[in-house]
Amino acid sequence: MTTSSAVHTSAITSLPLLARGKVRDNYAVGDDRILMVASDRISAFDVIMGEPIPGKGALLTQMALFWFGKLGHICPNHLTGEAPESVVTPAEVAQVQGRAMLVKRLKPIPVEAVVRGYLAGSGWKEYQDNRHVCGVPLPEGLTNAAKLPEPIYTPAAKAEVGEHDENITFEKTVEMIGLDLATRIRDISIAIYKTASEIAAQKGIIIADTKFEFGLDKDGTLVLMDEVLTPDSSRYWPAEGYAQALAEGKNPPSYDKQFLRDWLEQATVNGQPWDKTPPSPALPADVIAQTYAKYQEALQRLTA
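About the cut-offs
- Residues numbered from 1 in each chain as written.
- Predicted model: local features only at pLDDT ≥ 70, side-chain atom pairs only at ≥ 80, totals over all residues.
- Heavy atoms only, no water.
- Buried < 20%, exposed > 50% of the residue type's maximum accessible area, 1.4 Å probe, protein only.
- Helix = DSSP H or I, 4+ residues; strand = E, 2+ residues; numbered from the N terminus.
- Pairing = 2+ DSSP bridges.
- Salt bridge = Lys/Arg side-chain N within 4 Å of Asp/Glu carboxyl O.
- Phe/Tyr/Trp six-rings, centres within 6.5 Å; stacked < 30°, edge-to-face > 60°.
- Axes fitted to C-alpha atoms, helices over the stretch in contact; angles between N-to-C directions.
- Parallel < 35°, antiparallel > 145°, perpendicular 65-115°, else oblique.
- Left-handed = near helix turned anticlockwise from the far one by under 90°.
- Contact = heavy atoms within 4.5 Å.
- Nonpolar A, V, L, I, M, F, W, Y, C, P; charged D, E, K, R; others polar.
- Core = buried A, V, L, I, M, F, W, Y, C linked by side-chain atoms within 4.5 Å.

Caption draft 1: Fine view of the pairing of strand β14 (residues 205–216). For β14, the tally of buried residues reaches 11 of 12 residues, placing the bulk of the element in the interior. Summarising the sheet, strand β7 (residues 107–108) and β14 pair through 2 bridges and their orientation is antiparallel. In the strand pairing of β14, K107 is matched with L216. With 4 bridges connecting them, strand β8 (residues 111–118) and β14 associate as antiparallel partners. The residue bridging A113 from the neighbouring strand is F212, located in β14. Where β14 lies against strand β16 (residues 234–238), 5 bridges are found, and the strand directions are antiparallel.

Structure follows, in structure tokens:
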């Protein structure tokens, strides 16, 4: 997929800016819709890098649209079906083409719905300490990257931009949003994860874990929103490298930002190891190119 130029930060002046997240810039379209523009920004360790990954926003958008198209029977999503280009000026079309979604404006639910099918990342660290992940007890004897007996739901409380989301228990989400809504979000999230995992497995991809965001429309209907099942919100592993990594107790090769994180772990700023606070180290051209290639390969495999 070709992109005319990288968009680190969009500048749509014909619409009011609502918010800039780590990746997306959201603009109000009337009082009932939002134009979500996926920039080429990339963040790691909750810090936005100074350099964009050209074309990444378009890849993320294509992948989210692919998944929304596969999951509508489980839960409605926030797409309006209208062209993003239709709500900006002709001069601004290049900024939204291929990288934006025109979506319904919803009341967001302040819970990140995280589903884990494998033991990885912070889940593996926590398991080693107490055989639990976010309050969910797990059997003894699991190893790094092990497949869990059943996918588990491990929600997080959404943090402000720049802060870390906080892992919480299901019981805590009941306190926050009520039993009915908390239960529906849990059950739908697990159902989406299982369906997506089966689709990805047919393409040689393991989805180790993922997070979903939901909102309520004006009728109170639960709606899947934001992005869905992209390498920014999920841990994607190619199936062919998995068995060896598992046997060696290593992290499997991945299609997500792990490549960038690994590089940052050994990067220096002013001769010192980077302390994971802004400003971030400048990304070399080969890291930018290889990060893009990871995202591109994941999309191509999925949609082939």
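Caption draft 2: A look at the pattern of salt bridges. The final tally for this structure, using the stated rule, is 20 salt bridges. In this structure, E265 engages K276 in a salt bridge whose closest nitrogen and oxygen atoms are separated by 3.3 Å. Note that E265 is positioned in helix α7 (residues 258–265) and K276 in the loop between β18 (272–273) and α8 (285–303), a separation of 11 residues in sequence. The exposure class of K276 is partly exposed, given its relative accessible area of 32%. Taken together, the shared-partner salt bridges in this structure form one network comprising R20, D25 and R41.

Caption draft 3: Up close: the packing of aromatic side chains. Inspection of every chain in the model, using the stated rule, returns 7 aromatic pairs. Both rings, one in F66 and one in W67, keep their centres 5.1 Å apart while their planes meet at 75 degrees; by these two values the pair is edge-to-face. Here F66 falls in the buried class, since its relative accessible area comes to 16%. What makes W67 buried here is its relative accessible area of 0%. Between Y118 and W237 the ring centres are 5.6 Å apart and the planes differ by 75 degrees, which places this aromatic pair in the edge-to-face class.

Caption draft 4: Here's a closer look at the packing of helix α1 (residues 56–71) against α8. Two elements in contact, α1 and α8, have axes whose closest approach is 10 Å; the angle formed by their N-to-C orientations is 25 degrees. Overall, the two elements α1 and α8 adopt an arrangement that is roughly parallel. In this structure, α1 meets α8 at a crossing whose hand is left-handed. Contact residues: K56, L59, L60, Q62, M63, F66 and W67 in α1; Y292, Y295, Q296, A298, L299, L302 and T303 in α8. Split by residue class, the contact of α1 with α8 holds 10 nonpolar, 3 polar and 1 charged.

Caption draft 5: Structural detail: the nonpolar core. Membership of the largest hydrophobic core comes to 64 residues, with the highest contact counts inside it found for M49, W67, F212, F214, L229 and Y236. If you tally residues by element for this core, the top one is helix α5 (residues 179–202), at 10 residues. Those residues in contact with M49 that lie beyond four places of it in its chain are H8, I42, S43, A44, L260, L264, W274, S280 and L283. Core analysis: the next-biggest nonpolar cluster, separate from the first, contains 11 residues, V29, V87, V96 and L102 among them.

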